[in-house]
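Observations on the three-dimensional arrangement
Next come the chains, spelled out residue by residue.
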Amino acid sequence: FDETSVTEDMATSIKIHQKGWKSKYYNKPLVNGEGPSTLNSYFTQQGRWSLGSMGLCFRVVKNFILHPRSMSLQQWLDYFITTTWYFVGLVYAIMLLGLFVFVFLSLTPIITTSNTFFMFLLPYIFFNLLTFTLTVVYRKRPLKSVLYNLALTFVTTPIYIISAADAFLNRKKPFKVTPKNFTGGKLPLSALYPQIILFGLIATAIGVSAIKYYFTGNLAFITVIGWMSYYFVLSIFAFYFNTDTKKGEYYTPLIEEWKKV
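Residues numbered from 1 in each chain as written. Predicted model: local features only at pLDDT ≥ 70, side-chain atom pairs only at ≥ 80, totals over all residues. Heavy atoms only, no water.

Attention now moves to the overall build of the protein chain. Each helix and strand in the protein chain was counted, giving ten helices and zero strands. Going from the N terminus to the C terminus, the protein chain shows its helices and strands as α-α-α-α-α-α-α-α-α-α. By its C-alpha atoms, the protein chain is 65 × 50 × 35 Å across when sized along the principal axes. Relative to its full complement of 261 residues, the protein chain shows a buried share of 34%. (Helix = DSSP H or I, 4+ residues; strand = E, 2+ residues; numbered from the N terminus. Buried < 20%, exposed > 50% of the residue type's maximum accessible area, 1.4 Å probe, protein only.)

This is the structure in structure tokens:
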């Protein structure tokens, strides 16, 4: 195993494939696993996964430049897409920063026509939601999981941003196992201060946008209110997810189902 990365499984896979070995996906559960059952343990897991993945992203790009023929183009693309996903935190940060600059400083980060703006924005929203929805339907999960997934990703944005900075600066962090149990307490509010600050900024931006629209009649503020309201709803889930957890009612029958496999 390549233990130079906290996501040693992916790092090892990259090395194996670069050496010309082939692998196959065996579609059968061999081990019953447990996911994180509290927001705290989820943050621990995502912190490790995001740091390791983004760190490997730089390695993938470097290896592609130096040894482009060591893997197929499909493998390079697959590893690149996989390791760049956790940069979603920076995407959220840039999008929010643009809105905050427009609302609070009256500066326009993007100068374009409304038609051009929505020509890019609407397809992004559509395909983003479609991807989550198709994944949920394929796994035969309730559609509310789409909202939960989007909200949990948004709530974890501060973790992803910290990991991106650590990966860029090549900071090493020790491997920390994700706590896996079905009893746990809430995170104190002091541990959620990034999410709380973001929640407050979004709520304030909505209020300021409403006031500015009232006095100026600029329809751009209506767009901002709608976009910020979407982020406001997602940010509320930080408090929804931060609860005492116990063994879910779905868990026992799921174990019984696995035993039959």
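From this point on, the discussion continues.
Moving on: the pattern of salt bridges. In total, this model carries two salt bridges according to the counting rule given. Two residues, Arg-59 and Asp-2, come together in a salt bridge whose shortest N-O distance is 2.8 Å. With Arg-59 in helix α2 (residues 39-66) and Asp-2 in the segment before α1 (8-18), this pair connects stretches of sequence that are 57 residues apart. Where Arg-171 meets Asp-166, a salt bridge forms, and the shortest distance between an N and an O atom there is 2.9 Å. Here Asp-166 falls in the buried class, since its relative accessible area comes to 3%. (Salt bridge = Lys/Arg side-chain N within 4 Å of Asp/Glu carboxyl O.)

Here the focus is the confidence of the model for the protein chain. Mean pLDDT over the protein chain works out to 87, with 91% of the residues at or above the 70 mark. Between the elements of the protein chain, mean pLDDT differs from a low of 55, seen in helix α10 (residues 251-259), to a high of 96, seen in helix α8 (residues 193-216). (pLDDT = per-residue confidence, 0-100.)

The nonpolar side chains of a soluble globular protein tend to be buried, and buried together. Ranked by size, the top nonpolar core spans 42 residues in total, and within it Phe-43, Leu-96, Phe-154, Ile-202, Met-228 and Tyr-231 carry the most contacts. Contributing elements (two or more residues each) for this core: α2, α4 (88-105), α5 (114-138), α6 (144-155), α7 (157-168), α8 and α9 (220-241). Sorting elements by how many residues they give to this core places α9 first, with nine residues. Those residues within four positions of Met-228 in sequence are excluded, and the remaining contacts are Leu-96, Leu-99, Phe-100, Ile-202, Ala-205 and Ile-206. Ala-11, Leu-56, Val-60 and Met-71 belong to the second-largest nonpolar core, a separate cluster that totals eight residues. (Core = buried A, V, L, I, M, F, W, Y, C linked by side-chain atoms within 4.5 Å. Contact = heavy atoms within 4.5 Å.)

The next thing to look at is a nonpolar patch on the surface. A contiguous nonpolar surface patch, about 790 Å² in accessible area, is contributed by Val-61, Phe-64, Ile-65, Leu-66, Leu-73, Leu-77, Phe-80 and Ile-81. Mapped onto the elements of the fold, Phe-64 is located in helix α2. Assessed through its relative accessible area of 38%, Phe-64 is described here as partly exposed. (Patch = residues over 30% accessible without salt bridge, like charges linked within 9 Å, V, L, I, M, F, W, Y side chains within 5 Å. Areas by Shrake-Rupley, 256 points an atom, 1.4 Å probe, with all protein chains shown as cover.)

Right, let's get into the packing of α4 against α8. α8 packs onto α4 with a crossing angle of 40° between their chain directions and a minimal axis gap of 10 Å. Considering the angle they form, α4 stands oblique to α8. Here α4 and α8 pass one another in a crossing that is left-handed. Across the interface between the two elements, Leu-96, Phe-100, Val-103 and Phe-104 of α4 pack against Leu-198, Leu-201, Ile-202, Thr-204, Ala-205, Val-208, Ser-209 and Lys-212 of α8. Partitioning the contact of α4 with α8 into residue classes produces nine nonpolar, two polar and one charged. (Axes fitted to C-alpha atoms, helices over the stretch in contact; angles between N-to-C directions. Parallel < 35°, antiparallel > 145°, perpendicular 65-115°, else oblique. Left-handed = near helix turned anticlockwise from the far one by under 90°. Nonpolar A, V, L, I, M, F, W, Y, C, P; charged D, E, K, R; others polar.)

Moving on, we get to the environment of Leu-147. Secondary-structure assignment places Leu-147 in helix α6. The spatial distance from the C-alpha of Leu-147 to the C-alpha of Leu-129 is 9.2 Å, given a sequence separation of 18 residues. Among all residues touching Leu-147, those that are not within four sequence positions of it are Leu-234 and Phe-237.

This part takes up the side chain of Asn-242. Relative to the helices and strands, Asn-242 is located in the loop between α9 and α10. In this structure the side chain of Asn-242 is engaged in a polar contact, spanning 2.7 Å, whose partner is the backbone nitrogen of Leu-187. Contacts of Asn-242, omitting those with residues within four sequence positions, involve Leu-39, Lys-186, Leu-187 and Leu-192. (Polar contact = N/O pair within 3.5 Å; in protein donor to acceptor, adjacent residues only side chain to side chain.)

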